[in-house]
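# Per-entry structural report
Spelled out from the first residue to the last, the chains are:
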Amino acid sequence: MSAKPVIRMPDDSKGILLRGEPMVFLVTGEDTRHTSMFDWTIPAGFATGRHVHRVQEETFYMLEGACEWHVAHEIVRATQGTYLFIPPGVPHNITNVSDKPARVLMTVSPPGHEHYFEELAKLTASGPPDAKAIGELRARFDTDQLSALTTKI
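My aim in this report is to walk through the structure given alongside it, one point at a time. (Residues numbered from 1 in each chain as written. Predicted model: local features only at pLDDT ≥ 70, side-chain atom pairs only at ≥ 80, totals over all residues. Heavy atoms only, no water.)

Using a probe with the size of a water molecule, rolled over the atoms, empty space left in the structure can be pinpointed. Across all of its chains, the model carries 2 cavities of 30 Å³ or more by this definition. The space that makes up the largest cavity amounts to roughly 130 Å³. If you go around the largest cavity, you meet 17 residues; those closest to its centre are Thr48, His51, Tyr116, Phe117 and Arg138. Those elements that place two or more of their residues in the lining of the largest cavity are β4 (51-53), β5 (57-64), β9 (92-96) and α1 (113-124). (1 Å grid on protein atoms, 1.4 Å probe; cavity = no way out; pocket = protein on both sides within 12 Å on 5 of 7 lines; lining within 4 Å. Points joined across faces, edges and corners; volume = space filled by probe spheres on them. Helix = DSSP H or I, 4+ residues; strand = E, 2+ residues; numbered from the N terminus.)

Next up, the structure:
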């Protein structure tokens with residue numbers, strides 16, 4: 001971990017591609033003990049599947065597009081300016097319900113979830129993910145998968 005400020009300019013980004021769209025790592029566990037932050041472009045129609053984190057808390061701020069979150073028993077239609085905080089233990093799902101990419105600013109605390117996304121990018125680089133491999137990956141990164149990756153519920 002560095003003891004200096006992190007400044008990321010638009011042409012100085014680091015991150016990965018998920019299903020052909022960028023996820024920019026703004027701050028990671030290399031930089032801080034407290035949180036990771038990502039600028040995530042969510043592909044059209046993409047769904048995470050319903051899942052829950054045991055320890056991690058997440059925040060999402062919609063920058064562009066429209067996504068639908070299932071948070072506990074509530075459905076949230078998120079558009080630009082919508083903010084969500086999801087504490088540990090709350091089941092949730094994120095689905096881009098439009099035909100265009102959506103962008104969210106996402107934080108995950110504590111940091112380290114960038115390693116999950118790095119491994120996920122490798123697993124999905126050549127096509128649809130293998131459900132068993134994804135389940136094993138998620139289990140190693142504080143995530144219990146409650147439904148298939150492509151479902152809204």
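This is not the end of the story, as more comes after the structure.
What follows deals with helix α2 (residues 131-140). For α2, the set of buried residues is Ala133, Ile134, Leu137 and Arg138. Down the axis of α2, the sector holding all buried residues measures 130°, keeping them to one side. Among the exposed residues of α2, those oriented more than 90 degrees off its buried face are Ala131, Lys132 and Arg140. The inward-facing, buried residues of α2 abut β4, α1 and β11 (143-145). (Buried < 20%, exposed > 50% of the residue type's maximum accessible area, 1.4 Å probe, protein only. Arc of directions from axis to C-beta. Contact = heavy atoms within 4.5 Å.)

Looking now at the packing of aromatic side chains. The full count for this structure, using the stated rule, is 7 aromatic pairs. Within the aromatic cluster, the residues linked to one another by ring pairs are Phe25, Phe38, Trp40, Phe46, Tyr116, Phe117 and Phe141. (Phe/Tyr/Trp six-rings, centres within 6.5 Å; stacked < 30°, edge-to-face > 60°.)

For the rest of this paragraph, the subject is the pattern of salt bridges. Within the structure shown, the criterion is met by 7 salt bridges. A salt bridge links Arg103 to Glu64; the nearest nitrogen and oxygen atoms lie 3.0 Å apart. With Arg103 in strand β10 (residues 102-109) and Glu64 in strand β5, this pair connects stretches of sequence that are 39 residues apart. Relative accessible area serves as the criterion here: at 40%, Glu64 is assigned to the partly exposed category. One continuous salt-bridge network, built from bridges that share partners, spans Asp39, Glu64 and Arg103. (Salt bridge = Lys/Arg side-chain N within 4 Å of Asp/Glu carboxyl O.)

This part takes up the sheet that holds strand β1 (residues 14-18). Here we have 6 strands laid out as an open sheet, ordered β1-β2-β3-β10-β5-β8, and antiparallel in their pairing. If you trace the sheet from one side to the other, it starts and ends with β1 and β8 (83-86), each paired once. Averaged over all adjacent pairs, the angle separating strand axes in this sheet is 20°, with direction ignored. Relative to strand β3 (residues 36-42), strand β2 (residues 21-27) runs antiparallel, the two being bridged by 4 bridges. Paired with Met23 across the two strands is Trp40, which belongs to β3. Each of β1, β2, β3 and β10 is contacted by α1, which is oriented at about 40° to β1, the strand it contacts most. (Pairing = 2+ DSSP bridges. Axes fitted to C-alpha atoms, helices over the stretch in contact; angles between N-to-C directions.)

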